[in-house]
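Reading the structure
Residues per chain, in single letters:
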Amino acid sequence: ARGSRVTSELALLGPQLRQLKYLVVDEAIKEDLKWSRSVEDLTSASVGLTSIEERILRITGYYGYQPWAASYKRDERSRESPAPAEAQMQAGAEGSGRVNRCCWKCSVTQLKKIFWGVAVVLGVCSSWSGSTQLAKLTFKKFDAPFTLTWFATNWNFLFFPLYYLGHVFKSAEKQSPKQRYRECCRFFGDNGLTLKVFFTKAAPFGVLWTLTNYLYLHAIKKINTTDVSVLFCCNKAFVFLLSWIVLRDRFMGVRIVAAIFAIAGIVMMTYADGFHSHSVIGIALVVGSASMSALYKVLFKLLLGSAKFGEAALFLSVLAVFNVLFVTCIPVILYFTKVEYWSSFDIIPWGNLCGFSILLLTFNILLNFGIAITYPTLISLGIVLSVPVNAVVDHYTSEIVFNSVRVIAIIIIGLGFLLLLLPEEWDVWVIKLLTRLKVRKKEEVPEGNGDIASGLPNKSRRTRPSMSSFAH
């Protein structure tokens, strides 16, 4: 009975509920809704309602049901939080700003490195050519190349004190000289600089250092400074050959070509003045000096590896200590045997000796520590640029003859030196560059053809009559 009564009541309420579906909100309810955003919020909220009960509650406001409040909150949230597209645009703008700042910082850093590189190149070129020319002048008054080598090597003791001064002014965490010395001594091993390490790892390099400088200075006595400086550039080729054999470095065909250029330049330089004993001995001395320099670099990498700035400074100062303790006896022996003899100490040109030592010290400082502020390739360029500087000086101060053979030899050796400065992945970079150029050319050609092709259909569309005109 109850079920039949409920069904009859629902049947009676059916038409009324259908009428409620189309009720319009009266003025009183509109006045109550003035605090909301607009009536559009109300209608938009009612679209989502599917059941009749919710519509009735919306109209009557039963139990405080206010759908416009929910829509209002949604609008507020949408206003507070940007749309995904806007957020992506803002993120893209911020990302592009960061990229621009990074590019600006990178460009400024590269410009600084290039600027300092130019300064270091000029310093290396002037110090190396200046020391060579000053040594030539010194031998006119003081004919003692080994004594000059010993005197200049003693100045290497200043490497570590100069490095420590730079550490005090540059580093935020300052250490005492003793602490810094102990830290740099770890380069020689866990036990530091012991007597055994001194004789096994420092003494051989002290001998090679002395031989390199002595053979170079002795060659200046025999031949002109232009030939000496250009032949010494062959040490780069010798370093590659020794590294390939001893260190098993990567084989590079371009460096083999550079080594062949160096050997060909040596032969042509010997032939430039004729095969006289004087010039052949001088060329042999320079080639020996370049070989000792290459052996020094390869053995250093083999036995000691790579060194930090403080460790390199300490190592060079240790070479000066070895020079004072064990090489001092050789100039004394040469003096008493009158191989390198001078009548009195008053005739020694101390100014030339000190000037040569300062220039050589400056050259070694820039060569070893210049990589902290610029690229190593730029530093090596300073050695090559010293060749034309010495050639100009020799042209005005000596009787050098720049015949065709000598000029070709200088060019070949210089070209070989420049080829050795190429990085190991230079061929990959060249292939990438050529590929990019080909891609750009291919992109330009289709764009031009596309413009012509796009113009033809447009023209045909304009001239072709429409089918609708024929139909009518």
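The rules behind these values
Residues numbered from 1 in each chain as written. Predicted model: local features only at pLDDT ≥ 70, side-chain atom pairs only at ≥ 80, totals over all residues. Heavy atoms only, no water. Helix = DSSP H or I, 4+ residues; strand = E, 2+ residues; numbered from the N terminus. Contact = heavy atoms within 4.5 Å. Disulfide = S-S within 2.5 Å. Buried < 20%, exposed > 50% of the residue type's maximum accessible area, 1.4 Å probe, protein only. Polar contact = N/O pair within 3.5 Å; in protein donor to acceptor, adjacent residues only side chain to side chain. Patch = residues over 30% accessible without salt bridge, like charges linked within 9 Å, V, L, I, M, F, W, Y side chains within 5 Å. Areas by Shrake-Rupley, 256 points an atom, 1.4 Å probe, with all protein chains shown as cover. Salt bridge = Lys/Arg side-chain N within 4 Å of Asp/Glu carboxyl O. Phe/Tyr/Trp six-rings, centres within 6.5 Å; stacked < 30°, edge-to-face > 60°. Lys NZ or Arg CZ within 6 Å of the ring centre and 35° of its normal. Axes fitted to C-alpha atoms, helices over the stretch in contact; angles between N-to-C directions. Parallel < 35°, antiparallel > 145°, perpendicular 65-115°, else oblique. Left-handed = near helix turned anticlockwise from the far one by under 90°. Nonpolar A, V, L, I, M, F, W, Y, C, P; charged D, E, K, R; others polar. pLDDT = per-residue confidence, 0-100. Arc of directions from axis to C-beta.

What follows is about the overall build of the chain. For the chain, the count of helices and strands is 21 helices and 0 strands. Partitioning the intrachain contacts of the chain with sequence separation of at least 6 by distance along the chain shows that 81% fall at a separation of at least 24.

The tally for this structure, following the rule as stated, stands at 0 disulfides. Residue Cys 233 stays outside any disulfide, its sulfur separated by 7.2 Å from that of Cys 234, the closest cysteine. On the basis of relative accessibility, which here comes to 4%, the residue Cys 233 falls in the buried class.

Once that is clear, we can look at the environment of Leu 215. Tracing the backbone shows Leu 215 in helix 10 (residues 195-222). Taking relative accessible area as the criterion, Leu 215 reaches 17% and is therefore assigned buried. When the C-alpha positions of Leu 215 and Gly 288 are compared, they lie 6.8 Å apart, and in sequence the two are 73 residues distant. Apart from residues lying up to four places away in sequence, Leu 215 is in contact with Leu 285, Gly 288, Ser 289 and Met 292.

For Asn 154, the location among the structural elements is in helix 7 (residues 145-154). Side chain to side chain, Asn 154 and Asn 323 meet in a polar contact 2.5 Å long. In this structure, Asn 154 is in contact with Ala 320, Asn 323 and Val 324, ignoring residues within four places of it in sequence.

Once that is clear, we can look at unusual backbone geometry. Phi is positive for Lys 338, close to 60°, though the residue is something other than glycine. Mapping Lys 338 onto the fold places it in the loop between helix 16 (329-336) and helix 17 (350-369).

With that settled, consider a nonpolar patch on the surface. A cluster of nonpolar side chains, Phe 157, Leu 195, Phe 199, Val 321, Val 324, Leu 325 and Phe 326, forms an exposed patch at the surface whose accessible area comes to about 680 Å². Within the residue set of the nonpolar patch, elements represented by two or more residues are helix 10 and helix 15 (309-327). Considering every element that reaches the nonpolar patch, the biggest residue donor is helix 15, with 4 residues. Structurally, the position occupied by Phe 199 is in helix 10.

Attention now goes to the environment of Phe 251. Within the fold, Phe 251 resides in the loop between helix 12 (235-246) and helix 13 (253-272). Judged by its relative accessible area of 47%, Phe 251 is partly exposed. The residues contacting Phe 251, other than those within four sequence positions of it, are Trp 244 and Ile 256.

Tracing the backbone through its elements, the reader meets Cys 125 in helix 6 (residues 84-141). Of the residues examined, Cys 125 reaches a relative accessible area of 10% and is grouped as buried. The contact partners of Cys 125, leaving out residues within four places of it in the chain, are Gly 130, Gly 382, Leu 385, Ser 386 and Val 389.

Right, let's talk about the packing of aromatic side chains for a bit. Per the stated rule, a full pass over the model turns up 32 aromatic pairs. Summarising the aromatic geometry, the rings of Phe 159 and Phe 369 are spaced 6.1 Å apart at their centres and angled 55° between planes, so their arrangement reads as tilted. Placement of Phe 159 in helix 8 (residues 159-170) and of Phe 369 in helix 17 is noted, with a sequence separation of 210 residues between them. Of the two residues, Phe 159 and Phe 369, both sit in the buried class. Measuring from centroid to centroid gives 5.3 Å for Tyr 216 and Phe 232, while their planes differ by 75°, and the two rings are edge-to-face. In this pair, Tyr 216 is assigned in helix 10 and Phe 232 in helix 11 (residues 225-232), connecting sequence segments 16 residues apart. By way of ring pairs, the aromatic residues Phe 187, Phe 188, Phe 205, Trp 209, Tyr 296, Phe 300 and Phe 315 are connected into one cluster. Here the basic side chain of Lys 338 rests over the ring of Tyr 341, its NZ or CZ set 5.4 Å away from the ring centre.

Helix-helix packing: each pair is described by the crossing angle between the helix axes and the interaxial distance. Remark: helix 7 packs on helix 17, axes separated minimally by 9 Å, with the N-to-C direction vectors making an angle of 55°. Compared by their axis directions, helix 7 and helix 17 come out oblique. Here helix 7 runs over helix 17; the crossing is right-handed. Counting all contacts with helix 7, which are made through Leu 148, Phe 151 and Ala 152, the residues of helix 17 involved are Trp 350, Leu 353, Cys 354, Phe 356, Ser 357 and Leu 360. Among the residues forming the contact of helix 7 with helix 17, the class breakdown is 8 nonpolar, 1 polar and no charged.

Once that is clear, we can look at the confidence of the model for the chain. Taken as a whole, the chain shows an average pLDDT of 77; of its residues, 71% reach a score of 70 or greater. With pLDDT under 50 throughout, residues 21-31 is counted as low confidence; its partners more than four residues away or in other chains account for 5 contacts. Scored below 50 in pLDDT, residues 33-50 shows 19 contacts in the model against residues more than four places distant or in partner chains.

We now examine helix 9 (residues 177-185). Every α-helix winds through 3.6 residues per turn, so residues three or four apart in the chain are directed the same way. All of the buried residues in helix 9 are Arg 180, Cys 184 and Cys 185. The arc that holds every buried residue of helix 9, seen down its axis, measures 135°, which confines them to one face. Opposite the buried face of helix 9, by more than 90 degrees, sit the exposed residues Lys 178 and Arg 182. Where helix 9 is buried, its residues meet helix 8 and helix 15.

When the charged atoms of two side chains with opposite charge come close together, those side chains can pair. Counting across every chain of the model gives 3 salt bridges. Residue Asp 143 pairs with Lys 221 through a salt bridge whose shortest N-O separation is 2.7 Å. Taken together, the positions of Asp 143 in the loop between helix 6 and helix 7 and Lys 221 in helix 10 put the pair 78 residues apart, joining distant regions of the chain. The exposure class of Asp 143 is partly exposed, given its relative accessible area of 41%. Residues Glu 183 and Arg 180 are paired through a salt bridge, measuring 3.2 Å at the closest nitrogen-oxygen approach. Here the residue Glu 183 and the residue Arg 180 both occupy positions in helix 9, the gap between them amounting to 3 residues, near one helical turn. Judged by its relative accessible area of 31%, Glu 183 falls in the partly exposed class.

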